[in-house]
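Structural overview for review
The residues making up each chain are set out below.
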Amino acid sequence: ANLHYVLELLAPLAFIPLWRPSFWLIAAIPFALQNLLSVMGDTRLIGHHYTTPLAVILFLAAITSLSSMPVVLRARILTGLVVVNLLLAITWYPSLSWLIDGPDPRSKELGNSLAPLATLIPQKGTLSAPPAVAARFWTKTGLWFFPQGKDIADFIVVPRYLPGYPPLIPDDLQRALTSLSGQPEIKKVLENPDIIVFSRQTPPKP
């Protein structure tokens, strides 16, 4: 898994940060160690946020290395990088096919289900919601990944799908729905194929 992760990071840069090192590699060390040594497999998934600072540093390292090369050599390497990344985009990574075919239909369907939340949930107040919803309300000071915070949040968004994080099973969702539906101070304000939204009418007891 670690080798695969390193290849995903460095192959698009043709390993330039390693075979022509720069001072930027010093900044990459703590992020690389954090991701490679973590017991959480998520840290080594190339599309997750854990990789963002490391990827930026490696990109800057590649730019710094290229800037010190002769112009002709730099132009050849950049041309080679374009070819390498085009090949990777149709083999290792699905990015090119995604751009051509468009987003996954399921992602579009979920987006349509979540769209009403923009006007339903005010920016003020607290929220317990799955990550796909929480990301849209990241400025809230009181924000939890459902089911965390469901007993105190002003709005609770219960997914009708398994969100992936936190790891839930269908029984967890059903128990949460039963608990929320049985509280008179909580009102259901929206329901569609992907989510059920509850609003707390009175503050929770201390």
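This text follows the structure it describes.
Conventions and cut-offs
Residues numbered from 1 in each chain as written. Predicted model: local features only at pLDDT ≥ 70, side-chain atom pairs only at ≥ 80, totals over all residues. Heavy atoms only, no water. Buried < 20%, exposed > 50% of the residue type's maximum accessible area, 1.4 Å probe, protein only. Helix = DSSP H or I, 4+ residues; strand = E, 2+ residues; numbered from the N terminus. Contact = heavy atoms within 4.5 Å. Phe/Tyr/Trp six-rings, centres within 6.5 Å; stacked < 30°, edge-to-face > 60°. Pairing = 2+ DSSP bridges. Axes fitted to C-alpha atoms, helices over the stretch in contact; angles between N-to-C directions. Patch = residues over 30% accessible without salt bridge, like charges linked within 9 Å, V, L, I, M, F, W, Y side chains within 5 Å. Areas by Shrake-Rupley, 256 points an atom, 1.4 Å probe, with all protein chains shown as cover. Salt bridge = Lys/Arg side-chain N within 4 Å of Asp/Glu carboxyl O.

Describing helix 1 (residues 2-10)
In an α-helix there are 3.6 residues to a turn, and that puts residues three or four apart on one side. Taken together, the buried positions of helix 1 are Tyr5, Glu8, Leu9 and Leu10. At its buried positions, helix 1 is contacted by helix 2 (16-19), helix 3 (24-37) and helix 4 (52-67).

Observations regarding the packing of aromatic side chains
Evaluated as defined, the whole model comprises 2 aromatic pairs. Centroid distance Phe145 to Tyr165: 5.8 Å. Interplanar angle 90°. Geometry classified as edge-to-face. Of this pair, Phe145 sits in strand 2 (residues 143-145) while Tyr165 sits in the loop between strand 3 (155-159) and helix 10 (170-181); the two residues are 20 residues apart in sequence, bridging distant segments of the chain.

A few points about the sheet that holds strand 5 (residues 195-200)
Reading across from one edge, 2-1-3-5-4 is the order of the 5 strands in this open sheet, with mixed pairing throughout. Only two strands of the sheet have a single neighbouring strand rather than two, namely strand 2 and strand 4 (186-191). With direction set aside, neighbouring strand axes in the sheet form an average angle of 20°. Note that strand 3 and strand 5 share 5 bridges and pair antiparallel. Paired with Phe155 across the two strands is Ser199, which belongs to strand 5.

Side note on the environment of Val197
Among the secondary structure elements, Val197 is positioned in strand 5. The exposure class of Val197 is buried, given its relative accessible area of 0%. Dropping the residues within four chain positions of it, Val197 is found in contact with Leu117, Leu120, Phe155, Ile156, Val157, Lys187, Lys188, Val189 and Leu190.

Let's talk about the pairing of strand 3
Put simply, side chains in a regular strand alternate between the two faces of the sheet. The buried fraction of strand 3 is high, at 5 of 5 residues. What you see with strand 3 is no split at all: Phe155, Val157 and Pro159 on one side and Ile156 and Val158 on the other are buried throughout.

Observations concerning a nonpolar patch on the surface
A contiguous nonpolar surface patch, about 330 Å² in accessible area, is contributed by Val56, Phe59, Leu60 and Ile63. Position of Ile63 relative to the elements: it lies in helix 4. Assessed through its relative accessible area of 42%, Ile63 is described here as partly exposed.

Observations regarding the pairing of strand 5
Burial analysis of strand 5 places 6 of its 6 residues in the buried class, the great majority of the element. Neither face of strand 5 is left uncovered, since the one carrying Ile195, Val197 and Ser199 and the one carrying Ile196, Phe198 and Arg200 both have all their residues buried. In sequence, strand 4 turns back onto strand 5 through a hairpin of 3 residues.

Describing unusual backbone geometry
Cis geometry is found at the peptide bond from Phe146 to Pro147, where omega equals 10°. Looking at the element boundaries, Pro147 is found in the loop between strand 2 and strand 3. The linkage connecting Tyr165 with the following residue, Pro166, adopts the cis geometry, with an omega of -10°. Non-glycine residue Ala14 carries a positive phi angle of around 55°. Here Ala14 is to be found in the loop between helix 1 and helix 2.

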